[in-house]
Amino acid sequence: MPSDCAIGIHDLSCATTEFVLPHATLAGHNGTEIGKYHVGIGQQSMSVPAADEDVVTMGAAAAAPIVARHGADRIRTVVFATESSIDQAKSAGVYVHSLLGLPSATRVVELKQACYGGTAALQFAIGLVLRDRRQQVLVVASDISKYDLDSPGESTQGAAAVAMLVAADPALVRIEEPSGLFTVDVMDFWRPNYRDAALVDGEESITVYLQAVESAWKDYTEQGGRSLDEFTAFCYHQPFTKMAYKAHRHLLNTCGYDTDESRIGRAVERTTAYNRVIGNSYTASAYLGLAALLDQADDLAGRPVGFLSYGSGSVAEFFAGTVAPGYREHLRTSAHREAIDRRRTLDYAAYRELHERSLPTDGGDHPVPQQTTGAFRLAALRGHKRIYERR
Ligand code: HMG
């Protein structure tokens, strides 16, 4: 039987970039029939970071409203999940800790396993709160999805951060035991340390994702999880929103259910609204799906939601969360819409210039051009050090 120790997501806040590229603009450049983007992969536009934005600035922007609302007195741990790391040694979380002025009596760490890292951070945070229910853990999942120009992956780029406050008696979602787990060593998607853009075997990555859905679900049921019919909605990792539909169709098939399209739509459509216009945000993606679901759906109080987190390479986890009574009073719906709507639209040439841009590596003193109008920015590189600024 599922068990609920009443620990979970107490607050959830999303942030994205200064710029956006509509898929229509990309299609105009490469001659792709727009239906392939809008319908075939289910993407409308992609968030593009400004020259002075990165995973730290997005992570700080997502986390700042949480600290403003709850204070930092009970936050003893910050876990930063990313696969767009800016340093091989120092955690991006330490920069966020500093930008937000968190107390020095805090442990801070960065976690990585492709897109699965956000879920690893959430589960580790729950373990820490279980040990001491007075403590809160700030989880930040922040990523920039970047592929080579004119490659098949290009249309699935995106960028965003989600910050979650994990606490006992959460106001939004109580996370349950058990989890269904799956790991297999495959090369479906990876990014060697010397590369800025990821490498991917697109078709293989979809096949392995679907295998992972099936295997994580099988383990979940063997561990005594809920039956499929109990779930109101499913938050899948969304490299592109059509993947959530593929994944749910596969899960229904696995369980011997009829794969009726309107049934699939009811289970996943509401989770796709933000990912559809932001693109792949790797570690943040499944939780952007949760934010979209909570922000849009009718009253979900007391209803179980399924989560399927997938990270290439590959690791997957299926688990359930129950939406808390009164959760609607704690949502940040208008801030989320504002973060999406305020993005400035790029033309193709400006997008390409940003894509091709790389930071200097000579250790000199380099101011970074001011482009973002957000609260946090990468102001300069000085002696191989990143200098951030809060406005
Ligand atoms: P592609 O070769 O550009 O596209 O690759 P395609 O030919 O496979 O077409 C895509 C869909 O559009 C197909 O639908 C077409 O039929 C349809 P499907 O058969 O899949 O249902 N289509 C059209 N529909 C309507 N009107 C049209 C039209 N034309 C075609 N005119 C691919 C697509 C996703 C593989 C590529 O973009 C890619 O390589 N992306 C990156 C990899 C990726 O996102 N993989 C997903 C699973 S792995 C994962 O989720 C992990 C990840 O997030 C990383 C991590 O864990 O860190 C990536």
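Starting from 1, residues in each chain are numbered consecutively following that chain's sequence as written. A pLDDT threshold of at least 70 governs which residues receive local features in this predicted model, and a stricter bar of 80 or more applies before side-chain atom pairs are shown or counted, although totals over entire chains, interfaces and linings include all residues.

- Per an unreviewed UniProt entry, the protein chain is named Hydroxymethylglutaryl-CoA synthase, and its organism is Streptomyces canarius.
- UniProt, in its Sequence similarities (unreviewed entry) section for the protein chain, records the words "Belongs to the thiolase-like superfamily. HMG-CoA synthase family." UniProt positions are given in the numbering used here, feature names are shortened, and annotations may be inferred rather than shown by experiment.

### Considerations on the overall build of the protein chain
Then step 1. For the protein chain, the helix and strand inventory stands at 12 helices and 18 strands.
Then step 2. Radius of gyration here uses only the C-alpha atoms, and the compact-globule reference equals 2.2 Å multiplied by the residue count raised to the power 0.38. The globule rule puts the C-alpha radius of gyration for 391 residues at 21 Å, and the 20 Å found for the protein chain is close to it.
Then step 3. Summarising its shape, the C-alpha atoms of the protein chain cover approximately 60 × 55 × 40 Å along the three principal directions.
Then step 4. Exposure classification rests on a simple neighbour count of other C-beta atoms within 10 Å of a residue's own: a residue reaching 20 or more is buried, one at 12 or fewer is exposed, and one in between is partly exposed. C-beta atoms are placed from the backbone. Every one of the 391 residues in the protein chain was classed for burial, and the buried ones make up 50%.
Then step 5. Two residues qualify as a contact pair if the distance between their C-beta atoms, derived from the backbone, is within 7 Å. Considering only contacts in the protein chain between residues 6 or more positions apart, those separated by 24 or more positions represent 77%. Strands here mean DSSP runs of E at least two residues long; helices mean DSSP runs of H or I at least four residues long; both are numbered from the N terminus.

### Overview of the confidence of the model for the protein chain
Then step 1. Confidence in the prediction of the protein chain, expressed as mean pLDDT, is 97, and 100% of residues score 70 or more.
Then step 2. Overall fold confidence for the complex sits at a pTM of 0.98, while the interface term, ipTM, reaches 0.99. What pLDDT conveys is the predictor's confidence in a given residue, as a value from 0 to 100.

### Side note on the sheet that holds strand β16 (residues 365-367)
Then step 1. Think of it this way: DSSP has to see at least two bridges between two strands before they count as a pair. One open sheet holds the 3 strands; their spatial order is β16-β17-β18, and the pairing between them is antiparallel. What marks the edges here is a single partner per strand, and that holds for β16 and β18 (385-390). When the angles between neighbouring strand axes are averaged without regard to direction, this sheet yields 30°.
Then step 2. Relative to strand β17 (residues 376-382), β16 is paired through 3 bridges, and the arrangement is antiparallel. By the bridge assignment, Asp365 is partnered in β17 with Arg382. In this description, a line fitted to the C-alpha atoms serves as the axis of each element, helices being fitted only across the stretch in contact, and the angle between N-to-C directions of two axes falls anywhere from 0 to 180 degrees.

### Section: the packing of helix α7 (residues 241-254) against helix α8 (residues 261-268)
Then step 1. Running from N to C, α7 and α8 point in directions that differ by 120°, and their axes come no closer than 10 Å. The orientation of α7 with respect to α8, classified from their angle, is oblique. Between α7 and α8 lies a crossing of right-handed hand. Residues Ala244, Tyr245, His248 and Arg249 of α7 form the contact with α8, whose participating residues are Ile264, Ala267 and Val268. Angular relationships are summarised with four words: roughly parallel below 35 degrees, roughly antiparallel beyond 145, roughly perpendicular across 65 to 115, and oblique for the angles in between. Handedness of a crossing is defined here by the sense of rotation of the near helix relative to the far one, left-handed for an anticlockwise turn of less than a right angle and right-handed for a clockwise turn.

### A look at the UniProt feature "domain: Hydroxymethylglutaryl-coenzyme A synthase N-terminal" (unreviewed entry) in the protein chain
Then step 1. As annotated in UniProt, the feature "domain: Hydroxymethylglutaryl-coenzyme A synthase N-terminal" (unreviewed entry) corresponds to residues 7-169 in the numbering used here.
Then step 2. Helix and strand shares over residues 7-169 are 34% and 31% respectively, and the end C-alpha atoms of the span are 6 Å apart.

### Considerations on the nonpolar core
Then step 1. Throughout this description, the term nonpolar core refers to a group of buried Ala, Val, Leu, Ile, Met, Phe, Trp, Tyr and Cys residues whose C-beta atoms join them within 7 Å. Formed by 115 residues in total, the largest nonpolar core has its most connected members in Ala63, Val96, Val139, Val140, Ala161, Val162 and Val166.
Then step 2. The element that contributes the greatest number of residues to this core is helix α3 (residues 55-70), accounting for 10 residues.
Then step 3. Among all residues touching Val96, those that are not within four sequence positions of it are Val56, Gly59, Ala60, Ala63, Val78, Phe80 and Val140.

### Considering the pairing of strand β2 (residues 19-22)
Then step 1. Across 4 bridges, the pairing between β2 and strand β3 (residues 45-48) is antiparallel. The residue bridging Leu21 from the neighbouring strand is Met46, located in β3.
Then step 2. Pairing of β2 with strand β15 (residues 344-345), which is carried by 2 bridges, proceeds in the parallel orientation. Bridge assignment links Phe19 to a residue of β15, and that residue is Arg344.

### Side note on the site of the ligand
Then step 1. Each residue receives a C-beta atom placed from its backbone. It is near a molecule or strand if this atom lies within 6 Å of it. Not every one of the 29 residues close to the ligand is listed here, only the nearest: Gly35, Gly40, Ala114, Gly202 and Pro239.
Then step 2. Elements with a minimum of two residues in the shell around the ligand: α2 (34-41), α6 (202-222) and β13 (304-311).
Then step 3. Among the elements that make up the shell around the ligand, the one with the highest residue count is α2 (5 residues).
Then step 4. Residue composition of the shell around the ligand, by class: 14 nonpolar, 11 polar and 4 charged. Classification used: nonpolar for Ala, Val, Leu, Ile, Met, Phe, Trp, Tyr, Cys and Pro, charged for Asp, Glu, Lys and Arg, polar for all others including Gly.

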